[in-house]
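Per-entry structural report
If you want the building blocks of each chain, they are given just below.
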Amino acid sequence: MAGPLPLGDPAPTDGRLPGDLPIDTSVPFSAYLHVPFCRVRCGYCDFNTYTSSELRGAKQEDYATTLITEIDLARRVLGDVGALRPMDTVFFGGGTPTLLPAGDLARMLDAAVSAFGLVDGAEVTVEANPDTVTPEVARTLAAAGVTRLSVGMQSAVPHVLAALDRTHQPENVRTAVAAAKDAGLAVSVDLIYGAPGESLADWEASLDAALALESDHISAYALIIEDGTKLARQIRRGEVPTPDDDLQADMYELADARLAAAGFDWYEVSNWARPSTGAGAGDSASGMDNRSRHNLAYWRGNDWWGFGPGAHSHVAGLRWWNVKHPAAYAQRLAASESPAAGTERPDPEAHLLERVLLLSRLAEGIAIAELPDANRSRVAGLIADGLVDPAAALRGRITLTLRGRLLADAVVRELTD
Ligand SMILES: C[S@@+](CC[C@H](N)C(=O)[O-])C[C@H]1O[C@@H](n2cnc3c(N)ncnc32)[C@H](O)[C@@H]1O
Ligand code: SF4
């Protein structure tokens, strides 16, 4: 269950926002709706999610109704400080949103749209575990206004899926993607590379299988060994090998080469999308952009409200986060209290650090002018080391080269230390 929440300051029990927030209603607004349920926990995962035996009385069937009371609270407190605006993107994440009946997801989306409105061409994504997507689920979601399904494929190789404790069979991914496409949904697939026992040839097979699905968006994440997970314990006891950094780097290079050859562009270190075609291509406001506009909103530091247990929110430089457990979350809202557990307003130095950290991982990069004065002189060294693109730097921006993407954390340290 993800590490502890940040400490921060206590959050007001009525959820009110400070009156002096520098609200800019021209900044796009997004909503994240967390669904904290999974049938079983995958051995590598530390997301804030719970299996049925861990719910301590919280009821999955009451979840949509509970979350809608947080939507009512958000509408009230955002309205009080003049920060109401229609949603640009909506994202149901988890956990496994598709473990809830599709009608519950539709009800939460309806409530959010009634509270805030939705811009034309908005992106509405639902994350899905492949074994929970039937043609009927996909059709119900599309009819409710969902535009995009993000499918947790992870791998196409049975022994890799087993090492990750995944419950789905490779063919479930194909049927889930077909159901989504038949319903008119855009599709993204998530892959993980570097699982114990996964070879470069296994990874190549997964990339080929992902490309054969003909989606317009692929995320490929290096397996992270999170503290407190079953996988971390297995590694500590020597039952499975630690992931090999060099092999993971080779896997990243292979992914980038394969995806580029298939017409995908990287736009964030772990994310690739096909360029849009047709009228309005490349114009995110028209809805023709295949990149995840919701994740771009986080990386660019837009405003969003995160609904649900453990969800984080950001409005005009103020951050807050909800209590983690679904039972605590439901109790707060049943008592007409805000579920927020803590809040903070990062100082300018922390804010800048975060901007560099997030924007330098994007292909659009960060303006050199935004860097702390003392760090600008380091850009020349990063170019000489082949980590930063010289042509982009001439245009005043930091964009990582392929080598830079492999060493993104080191580049960020150099730009911020
Ligand atoms: C909330 S999950 C996706 C939806 C659904 N629960 C599923 O797993 O199919 C979000 C994504 O995060 C990635 N992820 C989770 N834990 C990870 C880890 N320890 N290392 C790398 N990627 C991870 C996986 O690719 C996963 O698809
Ligand atoms: S299904 Fe997804 S959210 Fe649930 S435990 Fe597995 S990776 Fe984590």
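Residues numbered from 1 in each chain as written. Chains lettered and ligands numbered in written order. Predicted model: local features only at pLDDT ≥ 70, side-chain atom pairs only at ≥ 80, totals over all residues. Heavy atoms only, no water.

You'll find the protein chain entered in an unreviewed UniProt entry as Heme chaperone HemW, with Microbacterium oxydans given as the organism. Its UniProt record gives the protein chain a comment under Function (unreviewed entry), which states: "Probably acts as a heme chaperone, transferring heme to an unknown acceptor. Binds one molecule of heme per monomer, possibly covalently. Binds 1 [4Fe-4S] cluster. The cluster is coordinated with 3 cysteines and an exchangeable S-adenosyl-L-methionine." In the Sequence similarities (unreviewed entry) part of its UniProt record, the protein chain is described as follows: "Belongs to the anaerobic coproporphyrinogen-III oxidase family. HemW subfamily." (UniProt positions renumbered as here; feature names shortened; annotations may be inferred.)

**Some words on the overall build of the protein chain**
Along its length, the protein chain carries 16 helices and 14 strands. Its C-alpha atoms give the protein chain a radius of gyration of 21 Å, within 12% of the compact-globule value 22 Å for 417 residues. Considering only C-alpha atoms, the protein chain reaches an extent of 55 × 55 × 50 Å along its principal axes. The proportion of buried residues among the 417 residues of the protein chain is 51%. Long-range contacts, defined here as pairs at least 24 residues apart, represent 72% of the contacts in the protein chain between residues at least 6 apart. Carbon and sulfur atoms make up 52% of the accessible area of the protein chain, which totals about 18000 Å². (Helix = DSSP H or I, 4+ residues; strand = E, 2+ residues; numbered from the N terminus. Rg over C-alpha atoms; globule rule 2.2 N^0.38 Å. Buried < 20%, exposed > 50% of the residue type's maximum accessible area, 1.4 Å probe, protein only. Contact = heavy atoms within 4.5 Å. Areas by Shrake-Rupley, 256 points an atom, 1.4 Å probe, with all protein chains shown as cover.)

**Focus: the environment of alanine 180**
Topologically, alanine 180 is positioned in helix H5 (residues 170–182). Classification of alanine 180 by relative accessible area gives buried; the value is 0%. For alanine 180 and threonine 147, which are 33 residues apart along the polypeptide, the C-alpha to C-alpha distance reads 9.6 Å. Setting aside residues no more than four positions away along its own chain, alanine 180 makes contact with Ala138, Leu149, Leu185 and Val187.

**What about the site of ligand 1?**
In the vicinity of ligand 1 there are 18 residues, among which Gly95, Gln154, Arg166, Asp190 and Ile224 approach most closely. A distance of 2.7 Å separates an oxygen atom of ligand 1 from a polar side-chain atom of glutamine 154. For ligand 1, whose free accessible area comes to 560 Å², the fraction covered by protein is 93%. Within the residue set of the shell around ligand 1, elements represented by two or more residues are strand E3 (118–128), strand E4 (148–154), strand E5 (186–193) and strand E6 (217–222). Of the residues contributing to the shell around ligand 1, the split by class is eight nonpolar, six polar and four charged. (Near = heavy atom within 4 Å. Polar contact = N/O pair within 3.5 Å; in protein donor to acceptor, adjacent residues only side chain to side chain. Nonpolar A, V, L, I, M, F, W, Y, C, P; charged D, E, K, R; others polar.)

**Structural notes on the packing of helix H1 (residues 63–80) against helix H2 (residues 102–116)**
Two numbers describe how H1 lies on H2: the axes approach to 10 Å, and their chain directions differ by 10°. It follows from the interaxial angle that H1 and H2 lie roughly parallel. Across from Ala64, Thr65, Leu67, Ile68, Ile71, Ala74, Arg75 and Leu78 in H1, the residues of H2 making contact are Asp104, Arg107, Met108, Ala111, Ala112, Ala115 and Phe116. Considered class by class, the residues forming the contact of H1 with H2 number eleven nonpolar, one polar and three charged. (Axes fitted to C-alpha atoms, helices over the stretch in contact; angles between N-to-C directions. Parallel < 35°, antiparallel > 145°, perpendicular 65-115°, else oblique.)

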